[in-house]
Amino acid sequence: MNYDPPTPVERVLARTRWIRFLVVLPLLLLAVYYLVFVRQYTVAYADDREHFKYGSIGSEPNNGIPILVFKALAVMYRDELGPTGYRRFGLLYETEQSELPVGMSRRIVTGIERVWLNCAVCHVGTYRINTADKPTLILGAPSNNLRLYDLLRFFLKVGADPKFNADNLIAAINGPEVGGHLNFIDRAIYRYIVFPRVQAAFLHLSQQFAFLGRQGDGGGNGRPAYHPYYDWGPGRVDTFNPYKATQFNFPMDASHISLIELNGSSDFPSIWAQHPRDGMHLHWDGNNTSVDERNLSAALGAGVTPVSVDIDAIKRVRAWIWELPPPEIPPAAIDRSDRDYERRLNRGRELFAEYCAGCHGMKDQTGAYSYDTNRFPRLGQVESLKQIGTDSGRWRSYTQDFAAAQNTLYAGYPWRFSHFTKTAGYANQPLDGIWARSPYLHNGSVPTLRDLLDPARCTDPLKPVDCRPPKWSRGSDLLDLKKVGYRSDGYGAAPERLFLYDTSMPGNSNSGHDGEAYGTALGREDKDALVEYMKTL
């Protein structure tokens, strides 16, 4: 028998406490759910350069890989990647102790730290003067080292590999090289949630990029035929065909896309001095005149989606590259002690003004690059394919149907696309910092500026040095100080870094920008003088 029953007031207070508890508990659970599974967390960088190199732009929520999985894959597949890990794909680590490469950002999504790509992965180059030099980073330059095609193929292979299973993954994460130290609960999460989702994402990616795995498949027995699809090589990307597959599910078999359209790989562009470029025709084929739309479109290629895009982060990158100056060529490339240097430089300036400036602009008397489209009427305009004569693959890969589809992206947002259009050729670009943008032409088919001033085809079969090289090695970051560009003979580069560029392959032609109007009929001394001047741009 209860000899001390609660009073009526105590009963009311007890009921009130239960009501409060039942009200507060769901709110606490909602708060925990929001903070852990909804709210996202990023690493903030005070310095704009560091934000460009490592800041998130929103690629991780839909396409990111858990950071422990990313690190573990390099351990699990060391026999394939080698001791340098992801460096095999041209990813740049600033130091031996760097946790992530330049161009890879991190974001906590649903309680898991994920990593994926940002703008810098495609827009940071390197150079060396001597073979023993440590590579110098060039922020905003084309990523001459990046082998994006090989990196993509690696992830596609992992998804279907029996070796990629939960046991092996957890063992690699808990190993000394990754040091994940997963506890019992973490191991359960990775076994039953993380691993299945990562594997499913890789397999889904394989389905979207089926045309990569079926290259050259002639079909039969009800299967569609596929054209051959060729490796992009270092410093190049097929900008729009993967875009068609991942964003719009365009059919990629031979009945829907031609061999030429399928192989439209091109070099990564530089992204410095964007303010004067706003309003010019951007991208190699000039399909947009808005820097902002170009930036958002490129972000989609890095893994951002219209839902996950971090507009503020991209605006910060935009503000930084808006006035980012082009890099000056290393002093070692210019021999000012040569008594003939000033004469050659002045002669080169005269020739550049006569042959090049009308389409590309040039430096004014103050030494600043002039982007004045009134003074240079063809600057930033599109030259017809018939006029310029360069390889048509990149131009053909961007179709009218694709342009129409692009203009539906970001629907419902103030930044919805509206400027994309199919053009008649390729755009004339400013040549500021041109020394750091090797190789040359839109598809990177000509290794140096001096080679570009030679005709595409040899007029005298006994003098092959007088024409552009039909086959050469890409992948070196060792500068050719005389011809201006990266060395193409393989000297000073590890064999596994080199890629044989064959201009006879679809999309790889080095034709065009050729003839008297383009300076290829000049004498050797005049060509050398032109190159000497272009070093200073």
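Above this text you will find the structure in question.
Colleague: Quick one: what's the story with the pattern of salt bridges, residue by residue and with numbers?
Modeller: Scanning the model with the defined rule gives 35 salt bridges in all. The salt bridge involving R78 is made with E177; its shortest N-O contact spans 2.1 Å. Here the residue R78 occupies a position in helix α5 (residues 78–81), and E177 occupies one in the loop between α7 (166–174) and α8 (184–208), the gap between them amounting to 99 residues. With a relative accessible area of 54%, E177 lands in the exposed category. A salt bridge links E350 to R347, with the nearest nitrogen and oxygen atoms 3.5 Å apart. Here R347 and E350 lie together in helix α14 (residues 341–355), a separation of three residues that amounts to about one turn. E350 gets classed as partly exposed once you look at its relative accessible area, which sits at 48%.

Colleague: Outline the pairing of strand β5 (residues 124–127), supporting the account with residue identities and numerical values.
Modeller: Alternating residues of β5 divide into V124 and T126 and G125 and Y127, and every residue in both groups is buried. The pairing of β5 with strand β6 (residues 136–139) spans four bridges and is antiparallel. Bridged to T126 within β6 is L137.

Colleague: Describe a nonpolar patch on the surface, listing the residues and the values that go with them.
Modeller: Together, F184, I185, I189, Y192 and I193 line one region of the surface with nonpolar side chains, adding up to about 560 Å² of accessible area. For I193, the location among the structural elements is in helix α8.

Colleague: Outline the packing of aromatic side chains, listing residues and values.
Modeller: Inspection of the entire model under this criterion finds 30 aromatic pairs. Consider the rings of Y127 and W435, whose centres lie 5.6 Å apart with planes at 80°: the pair is edge-to-face. Pair noted here: Y127 is in strand β5 and W435 is in the loop between β12 (425–427) and α19 (449–452), with a separation of 308 residues, a long-range link. Here Y127 and W435 have matching classes, each one buried. Measuring from centroid to centroid gives 6.3 Å for Y243 and F248, while their planes differ by 5°, and the two rings are stacked. We note that Y243, like F248, is buried. In this structure an aromatic cluster arises from ring pairing among F70, Y77, Y86, F89, W116, F154, F155, F164, F195 and F202. Taking the ring centre of Y77 as reference, the NZ or CZ of K163 above it sits at 4.3 Å. The ring centre of W322 lies 3.9 Å from the NZ or CZ of R318, which sits over that ring.

Colleague: Which residues make up the nonpolar core, and what values go with them?
Modeller: Judged by nonpolar contacts, the single largest core of 129 residues is most densely connected at L73, Y86, F164 and F352. Once you skip the residues sitting within four places of it in the chain, L73 turns out to touch L81, Y86, F154, F155, V158, F164 and F202.

Colleague: Before we move on, could you go through the packing of α7 against α8 and cite the residues and values that matter?
Modeller: Geometrically, a packed helix pair is captured by the angle between its two axes and the distance between the axes. Running from N to C, α7 and α8 cross one another at 130°; their axes reach a closest spacing of 10 Å. With respect to α8, the axis of α7 lies oblique. Of the two elements, α7 crosses α8, and the hand of that crossing is right-handed. Within the contact between the two elements, α7 uses A166, D167, L169, I170, I173 and N174 and α8 uses R187, Y190, R191 and F195. Split by residue class, the contact of α7 with α8 holds six nonpolar, one polar and three charged.

Rules used in this analysis
- Residues numbered from 1 in each chain as written.
- Predicted model: local features only at pLDDT ≥ 70, side-chain atom pairs only at ≥ 80, totals over all residues.
- Heavy atoms only, no water.
- Salt bridge = Lys/Arg side-chain N within 4 Å of Asp/Glu carboxyl O.
- Helix = DSSP H or I, 4+ residues; strand = E, 2+ residues; numbered from the N terminus.
- Buried < 20%, exposed > 50% of the residue type's maximum accessible area, 1.4 Å probe, protein only.
- Pairing = 2+ DSSP bridges.
- Patch = residues over 30% accessible without salt bridge, like charges linked within 9 Å, V, L, I, M, F, W, Y side chains within 5 Å.
- Areas by Shrake-Rupley, 256 points an atom, 1.4 Å probe, with all protein chains shown as cover.
- Phe/Tyr/Trp six-rings, centres within 6.5 Å; stacked < 30°, edge-to-face > 60°.
- Lys NZ or Arg CZ within 6 Å of the ring centre and 35° of its normal.
- Core = buried A, V, L, I, M, F, W, Y, C linked by side-chain atoms within 4.5 Å.
- Contact = heavy atoms within 4.5 Å.
- Axes fitted to C-alpha atoms, helices over the stretch in contact; angles between N-to-C directions.
- Parallel < 35°, antiparallel > 145°, perpendicular 65-115°, else oblique.
- Left-handed = near helix turned anticlockwise from the far one by under 90°.
- Nonpolar A, V, L, I, M, F, W, Y, C, P; charged D, E, K, R; others polar.

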